[in-house]
Amino acid sequence: MGIVPMHLLNNPQKMLSLVAQRQECLSDNIANMHTKGYRRKDIDFSQYLNSGISSRIEASVVEKYGPSPIASSTMGGGQNISTEDELAKMQENYLLYNVAVRHLSSTITEIKTALNVSANG
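Residues numbered from 1 in each chain as written. Predicted model: local features only at pLDDT ≥ 70, side-chain atom pairs only at ≥ 80, totals over all residues. Heavy atoms only, no water.

Asker: Looking at this model, I keep getting lost on the overall build of the protein. Mind explaining?
Answerer: Helix and strand content of the protein: 4 helices and 2 strands. Look at the contacts in the protein between residues 6 or more apart in sequence, and 72% of them connect residues 24 or more apart. Carbon and sulfur atoms make up 54% of the accessible area of the protein, which amounts to about 8300 Å² in all. (Helix = DSSP H or I, 4+ residues; strand = E, 2+ residues; numbered from the N terminus. Contact = heavy atoms within 4.5 Å. Areas by Shrake-Rupley, 256 points an atom, 1.4 Å probe, with all protein chains shown as cover.)

Asker: Where do I start with helix α4 (residues 83-120) in this structure?
Answerer: Each α-helix turn comprises 3.6 residues. Residues three or four places apart therefore point the same way. Here α4 spans 55 Å end to end across 38 residues, near enough to the 56 Å set by a 1.5 Å rise per residue. Burial in α4 covers these residues: Glu-86, Met-90, Asn-93, Leu-96 and Ala-100. (Expected span 1.5 Å × (residues − 1). Buried < 20%, exposed > 50% of the residue type's maximum accessible area, 1.4 Å probe, protein only.)

Asker: What is the right way to read the side chain of Glu-86 from this model?
Answerer: For Glu-86, the position within the fold is in helix α4. Residue Glu-86 is classed as buried on the basis of its relative accessible area of 1%. Within the structure, Glu-86 has its side chain in polar contact with the side chain of Asn-29 (distance 3.0 Å). (Polar contact = N/O pair within 3.5 Å; in protein donor to acceptor, adjacent residues only side chain to side chain.)

Asker: I would appreciate a short explanation of the pattern of salt bridges in the present structure.
Answerer: Pairing is possible between side chains that carry opposite charge, provided their charged atoms lie close to one another. Within this structure, the stated rule accounts for 5 salt bridges. The closest approach of N and O atoms between Arg-40 and Asp-42, which form a salt bridge, is 3.3 Å. The residues Arg-40 and Asp-42 share a single accessibility class, namely buried. Residue Glu-86 is joined to Arg-40 by a salt bridge in which the shortest nitrogen-to-oxygen separation is 2.6 Å. With Glu-86 in helix α4 and Arg-40 in the loop between α1 (12-31) and β1 (41-43), this residue pair connects regions lying 46 residues apart in the sequence. Per residue, the accessibility class of Glu-86 equals that of Arg-40, and both read buried. Here the salt bridges share partners, and the residues they tie into one network are Arg-22, Arg-40, Asp-42, Glu-86 and Glu-92. (Salt bridge = Lys/Arg side-chain N within 4 Å of Asp/Glu carboxyl O.)

Asker: I keep staring at a nonpolar patch on the surface and nothing clicks. Help me out?
Answerer: A cluster of nonpolar side chains, contributed by Tyr-94, Leu-95, Tyr-97 and Val-101, occupies part of the molecular surface with about 370 Å² of accessible area. Among the structural elements, Tyr-94 can be located in helix α4. (Patch = residues over 30% accessible without salt bridge, like charges linked within 9 Å, V, L, I, M, F, W, Y side chains within 5 Å.)

Asker: For this particular structure, what's the right way to read α1?
Answerer: Taking 1.5 Å as the rise per residue, α1 with 20 residues should run 28 Å; its terminal C-alpha atoms sit 28 Å apart, in good agreement. If you check which residues of α1 are buried, you get Pro-12, Met-15, Leu-18, Val-19, Arg-22, Cys-25, Leu-26 and Asn-29. Projected down its long axis, α1 carries its buried residues within an arc of 135°, all on one side. Among the exposed residues of α1, those oriented more than 90 degrees off its buried face are Gln-13, Glu-24 and Ala-31. (Arc of directions from axis to C-beta.)

Asker: Would you mind going over the environment of Gln-23 with me for this structure?
Answerer: With respect to the helices, strands and loops of the structure, Gln-23 is situated in helix α1. Residues Gln-23 and Asp-42 lie 19 residues apart in sequence; the distance between their C-alpha atoms is 8.7 Å. Sequence-distant contacts of Gln-23, defined by excluding residues within four places in its chain, comprise Met-90 and Asn-93.

Here it is in structure tokens:
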């Protein structure tokens, strides 16, 4: 995954949702790194972006409950989880969050400008 999933920039709300869910996965990994049998979880943005809606049932579930990212697990126990790696992924996640917030803020500013122009014109 690149640092910024470009397809998600068009939908900052979806991006913020995925970033929040990824943060939860990463923090769970750190909290459970010594738990026997625990499997590392992460959000795979590219897999989520490429998993188009393939059926009417899936479309209705997504419409009713919203999209859900795919959490991937790696085989093995907590010994495969590195605190340093998880913290680095959290930092990357923080950058994604900032990109999404800035993009959303920019969009809101554009909407406000358009409303002001139409109100004055």
